[in-house]
Amino acid sequence: ITLFEVGRSEHGPFLVFELLRGKTLDLKIEEGPLPVQEAVHIATEVARGLAHAHAEGVIHRDLKPANVFVTNKGQVKILDFGMAHAFGRRRLSGGTPAYMAPEQWEDAPEDERTDVFALGVMLYRMLTGEYPFPEGQGRWSSEPATLRKLDVPGAPDLAELVEKMLDRTPKARPRDGAAVLGALTPIEERLRVKP
């Protein structure tokens, strides 16, 4: 979100942000699965924002639908970098359980692939309306995660990408937001030209 001004008034400090009209992605998902083209567009724009943050050495660490805003004109904004940390800086443990990567649960080293995992969960939910792991398994359990298979008619490469993004092993995931963006862009272009 664009920050226009920081100041102080007789009532205390203030921030002036841009006004956004629309809704957070969690509210859109509550209405049910999104059309594939819309889900891919939103994921592509989030990946674009992550690519920028990652290039600047920042990991979001709490990426979730409540932290993604979709304006009425279809513009996508990533919100709340409050859990973010810059590479090489001390981090605090945390995140939102349903979107936390296995390394966050294990308090292991995190990198850009932590955000890639969260985006994978978000994309899976946008496409299906469900979480990718059956309840009682995965991130919140000591048992290994068993991913529910994703079937996206007309876009099998999308299902394959989501599966890679949700891999339990960080090194098996796309490296960062730029890698996800590079994989999503041609998928979005193909979906755009389909009748």
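Residues numbered from 1 in each chain as written. Predicted model: local features only at pLDDT ≥ 70, side-chain atom pairs only at ≥ 80, totals over all residues. Heavy atoms only, no water.

Undergrad: I keep staring at the pairing of strand β5 (residues 68-71) and nothing clicks. Help me out?
TA: For a regular strand, the rule is simple: side chains alternate between the two faces of the sheet. The alternating pattern of β5 places Val 68 and Val 70 and Phe 69 and Thr 71 on opposite faces, both of which are buried. Across three bridges, strand β3 (residues 22-24) lies against β5 in antiparallel orientation. The residue of β5 that forms the bridge with Gly 22 is Thr 71. By the bridge criterion, three bridges tie β5 to strand β6 (residues 76-78) in an arrangement that is antiparallel. Bridge pairing in β6 places Val 68 opposite Ile 78. Linking two consecutive strands that pair antiparallel, namely β5 and β6, is a turn of four residues; a positive phi of about 90 degrees is found at Gly 74 within it. (Buried < 20%, exposed > 50% of the residue type's maximum accessible area, 1.4 Å probe, protein only. Helix = DSSP H or I, 4+ residues; strand = E, 2+ residues; numbered from the N terminus. Pairing = 2+ DSSP bridges.)

Undergrad: Help me understand the nonpolar core in this model?
TA: For soluble globular proteins, nonpolar side chains are generally found buried alongside one another. Among the nonpolar cores identified, the biggest contains 43 residues, and Val 46, Leu 119 and Leu 158 are the most heavily contacted of them. The biggest single contributor to this core is helix α4 (residues 112-128), with 10 residues. Contacts of Leu 158, omitting those with residues within four sequence positions, involve Val 36, Val 40, Leu 123, Leu 127, Val 152, Leu 184 and Ile 187. (Core = buried A, V, L, I, M, F, W, Y, C linked by side-chain atoms within 4.5 Å. Contact = heavy atoms within 4.5 Å.)

Undergrad: Help me out: how do you make sense of the pattern of salt bridges in this one?
TA: Two side chains bearing opposite charge may form a pair once their charged atoms approach each other closely. One pass over the structure, following the stated rule, counts 13 salt bridges. Note that Lys 28 is salt-bridged to Glu 38, the shortest N-O span being 3.0 Å. Here the residue Lys 28 occupies a position in helix α1 (residues 25-30), and Glu 38 occupies one in helix α2 (residues 36-55), the gap between them amounting to 10 residues. Of the residues examined, Glu 38 reaches a relative accessible area of 29% and is grouped as partly exposed. Across the salt bridge formed by Lys 149 and Glu 163, the nearest N and O atoms sit 3.2 Å from each other. (Salt bridge = Lys/Arg side-chain N within 4 Å of Asp/Glu carboxyl O.)

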